[in-house]
Amino acid sequence: KFFSVAAQVAKDVQQDPSSVKGMLFCGTGMGVSIVANKFKGVYAAPAENEDCARNSRAINNANVLCLGGKLTAEADALKIADAFLEQEFTSPPGGYMAPFWSSDVESFLKEP
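These numbers come from a predicted model, not from an experiment.

Outline the nonpolar core, supporting the account with residue identities and numerical values.
If you look at the biggest cluster of nonpolar residues, it comprises 13 residues, and the most contacted ones within it are Leu 24, Val 32, Ala 36, Val 42, Val 64 and Cys 66. Elements with a minimum of two residues in this core: helix H1 (2-14), strand S1 (22-26), helix H2 (30-36) and strand S3 (64-68). The biggest single contributor to this core is H1, with 4 residues. Here Leu 24 is in contact with Val 5, Ala 6, Val 9, Val 32, Ala 36, Val 64, Leu 65, Cys 66 and Leu 67, once residues within four sequence places are set aside. Counting 11 residues, the second-largest nonpolar core is a separate cluster that includes Ala 53, Leu 67, Ala 77 and Ile 80.

Residue-level account of H1, with values.
Here H1 is 13 residues long and its end C-alpha atoms lie 18 Å apart, about the 18 Å a rise of 1.5 Å per residue gives. Along H1, the positions that sit buried rather than exposed are Ala 6, Ala 7, Val 9, Ala 10 and Val 13. One side of H1 carries all its buried residues, which in axial view fall inside an arc of 165°. Packing partners of the buried residues in H1 comprise S1, H2 and S3.

Please give an account of the sheet that holds S3 that cites residues and values.
Note: strands within a sheet are paired through backbone hydrogen bonds, in either parallel or antiparallel orientation. Pairing is parallel across the open sheet formed by 3 strands, whose spatial order is S1-S3-S2. Across the chains shown, the open sheet's two edge strands, defined by having one partner strand only, are S1 and strand S2 (44-46). For this sheet, the mean inter-axis angle between neighbouring strands, taken without regard to orientation, is 25°. Against the sheet, H1 contacts S1 and S3, and its axis sits at roughly 170° relative to S1. Its contacts with the sheet place helix H4 (residues 74-86) against S1 and S3, and it is angled at close to 165° to S3.

Give a description of the pattern of salt bridges that names residues and reports values.
As enumerated under the stated definition, the model contains 2 salt bridges in all. Between Glu 50 and Arg 54 there is a salt bridge, with its nearest N and O atoms 3.7 Å apart. With Glu 50 and Arg 54 both in helix H3 (residues 50-58) and 4 residues apart, this pair spans about one turn of that helix. One salt bridge in this structure joins Asp 51 and Arg 54, with 3.4 Å as the shortest N-O distance.

Cut-off values and rules
By convention here, each chain's residues receive numbers from 1 onward along its written sequence. In keeping with the model being predicted, local features are shown solely for residues with a pLDDT of at least 70 and side-chain atom pairs are shown and tallied solely at 80 or more, while totals for entire chains, interfaces and linings include all residues. The basis for every side-chain value is the complete set of non-hydrogen atoms in the structure, without hydrogens or water. Among buried residues, the Ala, Val, Leu, Ile, Met, Phe, Trp, Tyr and Cys ones that are joined through side-chain atoms within 4.5 Å form a nonpolar core. Using a 1.4 Å probe on the protein chains alone, a residue whose accessible area is under 20% of its type maximum counts as buried, one over 50% counts as exposed, and one in between counts as partly exposed. Every helix listed is a DSSP run of H or I at least four residues long, and every strand listed is a run of E at least two residues long, numbered separately from the N terminus. The contact definition used throughout considers only heavy atoms, calling two residues in contact when any of these lie within 4.5 Å. By definition here, a helix of n residues has an expected span of 1.5 Å times n minus one. The directions considered for the arc are those from the helix axis to the C-beta atoms. Note on pairing: DSSP must find at least two bridges between two strands before they are called paired. Here the axes come from fitting lines to C-alpha atoms, over the contacting stretch only for helices, and the angles between their N-to-C directions go from 0 to 180 degrees. Every case where a carboxyl oxygen of Asp or Glu lies within 4 Å of a side-chain nitrogen of Lys or Arg is listed as a salt bridge.

Any functional reading would require information that these geometric values do not contain.
In structure tokens:
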């Protein structure tokens, strides 16, 4: 069942991947992320905590958050979702990642 829901959310995000965000849930978040990532322009990221959610948006320009119901308490899921929704894509990243960031990487991540 979660495969069809992941596919539908991915199709919805595909309509406007630069502004539409999606959220998916399964046992670990991995299964729905694999399905959603099959769709062009969809960048689905499982996140176990707020830092992962922020980084998935800031560094990878993720547009679908995937959470695991077996792994994530409800209160934590709300915090992770807020972190994901509040974070914008901030290219290029600083620190140790800066030398690896090229215009090709930036273009790829901005591409719908």
